[in-house]
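For reference, the chains in residue letters:
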Amino acid sequence: MNTAILPRTLIEMDKVYFSYGHLDVLENVTLTVNQGDFLALIGPNGSGKTTLIKIILGLLFPQQGTVLVFGKKPSQLNSLRSRIGYVPQNNTIDFHFPINVYDFVMTGRYPLIGPGRRPGRKDKEAAHNALEQVNIEPLGSMQIGKISGGQRQKMLIARALVNDPSILILDEPTTAVDVQSSENFYELLMKLRSRGITILMVSHDVGVVAQYADRIACINKQVIIHGRPEEIVSAGNLEKMYGREAAFFHHGVVPHIVVSRDHAHDAFSQGNKQD
Amino acid sequence: MEILQYAFMQRALLAGVITGAICSVIGVYIVLKRLSFMGAGISHSAFGGVTLGYILGVDPIITAVLFCVFSALGISMISRKKIVQEDAAIGIFYSASMGFGVFLIGFLRGYNVDFFGYLFGNILSVTTKDLLYMSIVLGIVIFFIFYYYKEFLCLVLDDESSAVAGMPVVFLNHLLIGLAALTIVVSLRVVGIILVSALIVIPAAAARYVTENFKTLLGLSTLIGVSSCLIGLLLSYFLDTPSGATIVLTATGIFGISWLLGKKS
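All values reported here derive from a predicted model rather than from experimental measurement.

### Some thoughts on the overall build of chain B
A tally of regular secondary structure across chain B gives 11 helices and zero strands. Oriented by its inertia axes, the alpha-carbon framework of chain B measures out at about 55 × 45 × 30 Å. Classification of the 265 residues of chain B by burial places 55% in the buried group. Counting every atom, chain B has about 11500 Å² of accessible surface; 70% of that belongs to carbon and sulfur. Averaged over its 14 positive side-chain charges, chain B has a centre that lies 3 Å from the centre of its 12 negative ones.

### Concerning unusual backbone geometry
When glycine is set aside, most residues are seen to have a negative phi, and most peptide bonds are trans. One non-glycine residue, D164(A), adopts positive backbone phi at about 55 degrees. Judged by relative accessible area, which is 45%, D164(A) ranks as partly exposed. Unusually for a residue other than glycine, R34(B) sits at a positive phi of about 60 degrees. Among the residues examined, R34(B) registers a relative accessible area of 61% and is labelled exposed.

### Points about the interface of chain B and chain A
Each partner contributes to the interface: chain B provides 24 residues, whereas chain A provides 25 residues. When residues of chain B are sorted by the area they lose upon contact with chain A, K150(B), L157(B) and V164(B) head the list and together hold 31% of the total. Where chain B meets chain A, there are four salt bridges. A salt bridge links D158(B) to R159(A), with the shortest nitrogen-to-oxygen separation between them at 2.8 Å. At the junction of chain B and chain A, the tally comes to 12 residue pairs in polar contact (both at pLDDT 80 or more). Those elements giving two or more residues to the side of chain B that touches chain A turn out to be α7 (149–157), α8 (159–164) and α10 (214–239) of chain B. Considering each element in turn, the side of chain B that touches chain A owes the most residues, six residues, to α7(B). When grouped by side-chain class, the residues that make up the side of chain B that touches chain A number 13 nonpolar, four polar and seven charged.

### A short note on the nonpolar core
Within the largest apolar cluster, 134 residues are counted, with the highest numbers of intra-cluster contacts made by I157(A), L168(A), L189(A), Y29(B) and F152(B). Broken down by element, the residue count for this core peaks at 24 residues, all from helix α9 (residues 169–208) of chain B. Dropping the residues within four chain positions of it, I157(A) is found in contact with V87(A), V134(A), L168(A), L170(A), F185(A), L188(A) and L192(A). Counting residues in each nonpolar core, the second largest holds 34 residues, with L57(A), L60(A), L80(A) and I219(A) among its members.

### Details of the sheet that holds strand β7 (residues 198–203) of chain A
All names here are of chain A. Here six strands make up an open sheet; going across it, the order is β5-β6-β7-β3-β8-β9 and the pairing mixed. At either margin of the open sheet sits one strand with a lone partner, and together these are β5 (84–87) and β9 (222–227). In this sheet, neighbouring strand axes are inclined to one another by 15 degrees on average, regardless of whether the strands run parallel or antiparallel. Here strand β6 (residues 167–171) pairs with β7 via five bridges, running parallel. Bridge pairing in β7 places D171 opposite V202. Lying on the sheet, helix α5 (residues 149–161) is in contact with β5 and β6; it crosses β5 at an angle near 160 degrees.

### Regarding the packing of aromatic side chains
What the rule picks out here adds up to 24 aromatic pairs over all chains. When the ring of Y6(B) is compared with that of F8(B), the centres are 5.4 Å apart and the planes differ by 25 degrees; the resulting orientation is stacked. Measuring from centroid to centroid gives 5.9 Å for Y149(B) and F214(B), while their planes differ by 55 degrees, and the two rings are tilted. Separated by 65 residues along the polypeptide, Y149(B) in helix α7 and F214(B) in helix α10 bring together distant segments of the chain. Aromatic rings pair up to connect F97(A), Y29(B), F143(B), F144(B), Y147(B), Y148(B), Y149(B), F152(B), F171(B) and F214(B) into one cluster. R152(A) extends its terminal NZ or CZ atom over the ring of F95(A), reaching a point 4.3 Å from the ring centre. The ring of Y110(A) has K150(B) lying over it, and the distance from NZ or CZ to the ring centre is 6.0 Å.

### Let's talk about the sheet that holds strand β1 (residues 9–20) of chain A
Residues and elements named next belong to chain A. Overall, antiparallel pairing links the three strands, which are arranged β2-β1-β4 in an open sheet. Because the sheet does not close on itself, it has two edges, and the strands there are β2 (23–34) and β4 (64–69). Each adjacent strand pair in this sheet contributes to an overall mean axis angle of 15 degrees, direction not counted. In this sheet, β2 lies alongside β1 in antiparallel orientation, the contact comprising eight bridges. Bridging across to β2, Y20 finds its partner in L23. Lying over the sheet, helix α1 (residues 49–56) contacts β1, β2 and β4, oriented at roughly 120 degrees with respect to β1.

### Considerations on the packing of α10(B) against helix α11 (residues 243–264) of chain B
Residues and elements named next belong to chain B. Between α10 and α11, whose axes approach to 8 Å, the crossing angle comes to 130 degrees. As judged from the angle between their axes, α10 and α11 are oblique. Along this stretch, α10 crosses α11, giving a crossing that reads as right-handed. Within the contact between the two elements, α10 uses I224, S228, C229, I231, G232, L233, L235 and S236 and α11 uses S243, T246, I247, T250, A251 and I254. Here the contact of α10 with α11 is built from residues that sort into eight nonpolar, six polar and no charged.

### Quick look at the confidence of the model for chain B
Regions with low pLDDT carry predicted coordinates that are not meant to be interpreted in detail. Residue and element names in this part refer to chain B. Of all residues in chain B, 98% attain a pLDDT of 70 or more, and the chain-wide mean is 90. Of all the helices and strands in chain B, helix α5 (residues 115–120) carries the lowest mean pLDDT, 84, while α7 carries the highest, 96. Our summary of model confidence lists the complex with pTM equal to 0.87 and ipTM equal to 0.89.

### With respect to helix α6 (residues 128–147) of chain B
Residues and elements named next belong to chain B. Relative to the 28 Å expected for 20 residues at 1.5 Å per residue, α6 spans 28 Å between its end C-alpha atoms, a close match to the ideal helical length. Of all the positions in α6, only D130, L131, M134, V137, V141 and I145 are classed as buried. Around the axis of α6, the buried residues are gathered within 125 degrees of arc, so they sit on the same side. Residues of α6 that are exposed and angled more than 90 degrees away from the buried face: T128 and F146.

How each quantity is defined
Position numbers for residues count from 1 along each chain, tracking the sequence in the order it is written. All chains are assigned letters beginning with A, and all ligands numbers beginning with 1, in the order in which they are written. The model is predicted, so local features are restricted to residues of pLDDT at least 70 and side-chain atom pairs to those at 80 or more, both for listing and for counting; the totals for chains, interfaces and linings are taken over all residues. Here the side-chain values reflect all heavy atoms present in the structure, with hydrogen atoms and water set aside. Secondary structure elements follow DSSP: runs of H or I no shorter than four residues count as helices, runs of E no shorter than two count as strands, and numbering proceeds from the N terminus. Any residue under 20% of the maximum accessible area for its type is buried, any over 50% is exposed, and the rest in between are partly exposed; the area is computed with a 1.4 Å probe on protein chains only. Surface accessibility follows the Shrake-Rupley procedure with a 1.4 Å probe radius. Residue values consider only the protein chains on display as shielding. In this count, Lys and Arg are taken as positive residues and Asp and Glu as negative ones, while His and the chain termini are left out. Positions of charges follow a simple convention, taking NZ of Lys, CZ of Arg, CG of Asp or CD of Glu. By definition in these notes, contact holds between two residues if any of their heavy atoms fall within 4.5 Å. When two components associate, each loses some accessible surface as probed by a 1.4 Å sphere; the sum of these losses over both components is called the buried area. By definition, a salt bridge exists where a carboxyl oxygen of Asp or Glu is found within 4 Å of a side-chain nitrogen of Lys or Arg. Two N or O atoms form a polar contact when they lie within 3.5 Å of each other; inside protein one atom must be a possible hydrogen donor and the other a possible acceptor, and for residues adjacent in sequence the pair counts only when both atoms belong to side chains. Under the grouping applied here, Gly and all other residues not named as nonpolar or charged are polar, the nonpolar ones being Ala, Val, Leu, Ile, Met, Phe, Trp, Tyr, Cys and Pro and the charged ones Asp, Glu, Lys and Arg. Residue types Ala, Val, Leu, Ile, Met, Phe, Trp, Tyr and Cys, when buried and joined through side-chain atoms within 4.5 Å, form a set referred to as a nonpolar core. Here, any two strands with at least 2 DSSP bridges between them count as paired. Every angle, taken between N-to-C directions, lies between 0 and 180 degrees, and every axis is a line fitted to C-alpha atoms, over only the stretch in contact when it is a helix. Between rings of Phe, Tyr and Trp, where Trp is taken as its six-membered ring, a pair exists when centres lie within 6.5 Å; planes separated by under 30 degrees are stacked, by over 60 edge-to-face, and by other angles tilted. Whether a charge lies above a ring is judged from NZ of Lys or CZ of Arg, which has to be within 6 Å of the ring centre and within 35 degrees of the ring normal. Any angle that falls under 35 degrees is termed roughly parallel, while one over 145 is termed roughly antiparallel, one within 65 to 115 roughly perpendicular, and all others oblique. Each crossing gets its handedness from the near helix: less than a right angle anticlockwise from the far helix is left-handed, clockwise is right-handed. pLDDT runs from 0 to 100 and stands for how confident the predictor is about each residue. Expected helix span is taken as 1.5 Å per residue step, with the number of steps being one fewer than the number of residues. By arc we mean the arc of the directions from the helix axis to the C-beta atoms, nothing more.

Structure representation (structure tokens):
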């Protein structure tokens with residue numbers, strides 16, 4: 001992969017403020033993502049995690065503060081956009097759409113091909129390679145709704161990989177995916193990371209993410225803390241972010257389950273059964 | 001066939017083929033993008049344009065195009081800026097333009113204007129000039145659907161990821177809605193303001209039951225749109241029923257058959 005022309009800091013947010021009308025969503029957010037990082041953004045629902053990545057992706061514009069992606073403003077990325085692989089929440093896709101897995105992955109190449117042209121040999125190779133990288137090449141001719149949740153997840157990643165990106169940005173990628181598929185998914189991410197792809201991922205699943213990410217940023221309007229997983233879980237940081245009603249079960253150095261106190265008892269007894 | 005000897009019938013058949021094709025092609029994108037109600041909203045806005053055309057003494061098709069494009073872009077803009085929700089925006093534009101049209105009719109007393117034809121369609125009254133407009137729009141629609149084939153596919157499949165990847169999705173969305181507005185206006189002669197959205201939505205919705213391939217969907221939707229117009233037109237001739245209504249009911253019948261076929265497979 002050609003990462004030579006990119007600066008070491010891929011994403012830089014400095015004192016970013018964002019609000020929808022009178023509703024403040026982000027306040028004074030400062031964050032950096034360097035080449036080779038696996039940074040997880042965690043926080044409760046409505047904490048502004050998704051808004052934050054939409055700002056990085058240039059889909060939303062902050063009222064204050066600066067955002068630089070590859071050293072440029074998100075709106076001025078132009079051809080550098082293809083260096084970003086974006087994996088949206090899977091509920092944004094209509095899986096009844098009349099398209100097969102291969103063609104779906106190919107749509108990731110379309111912005112590079114330009115209007116009035118058909119995909120060429122290089123594009124077809126890229127689509128096959130992307131399917132191969134996530135191990136779903138045999139499913140290429142299946143309609144996208146006829147594959148499992150875990151396979152859909154891989155298909156979305158394949159589309160994001162099709163332009164050989166430098167960074168993968170994933171929004172809640174393990175929603176509606178079973179535990180086994182979720183483990184496969186993290187193994188895949190680690191494999192991609194070992195090839196030098198930087199990863200920025202939004203998740204609400206503190207426990208699992210902490211096992212894989214090398215840095216975690218806890219968001220609840222602000223970046224509450226930003227550091228290595230074992231630093232994050234100490235000193236009541238999670239309580240600060242999720243509020244006092246949350247309960248945490250510690251498994252080694254990282255908390256495993258985050259639930260409200262009302263459900264804590266059930267979750268805990270289930271956890272004991274599994275153990 | 002004896003009916004083919006009449007010039008008005010030849011024009012009607014040609015009009016049926018053209019409007020059936022353009023409505024059902026645009027319909028694929030409208031249905032997949034879940035803009036079916038937008039189609040109805042745009043077509044109803046045409047009414048204000050048609051009556052204004054008569055008042056000003058200009059070709060009502062021109063004023064109807066202006067009204068439809070204005071409404072379509074207005075709906076899309078105010079809902080994107082979150083001033084109101086999209087369904088509410090459609091409701092406002094559509095009823096305001098209908099209201100405006102009915103208000104203006106009051107000033108047209110003594111004129112012999114076939115408003116019933118505009119509302120419900122009268123394919124037998126299609127003129128050579130109407131056919132010319134239809135052919136121009138057919139050419140425009142075909143050009144953009146081919147030229148932006150990949151881009152429109154991305155727009156309806158996943159506009160957010162496409163925007164991230166650098167697709168000009170706002171432009172494509174406006175273009176799609178603009179093409180829908182043109183299609184609707186030239187189809188008014190055939191099925192009318194009230195029924196034109198049926199000709200946009202039904203063929204694509206019917207074709208979706210029997211295919212999982214996008215290109216096949218485009219082809220099949222066109223086939224259903226064109227055959228609904230032709231079969232409906234012939235039925236209305238032989239049964240002496242209103243043409244627009246018969247065409248829409250024919251399309252609905254094909255939809256039912258397609259639904260049954262899709263359920264079986």
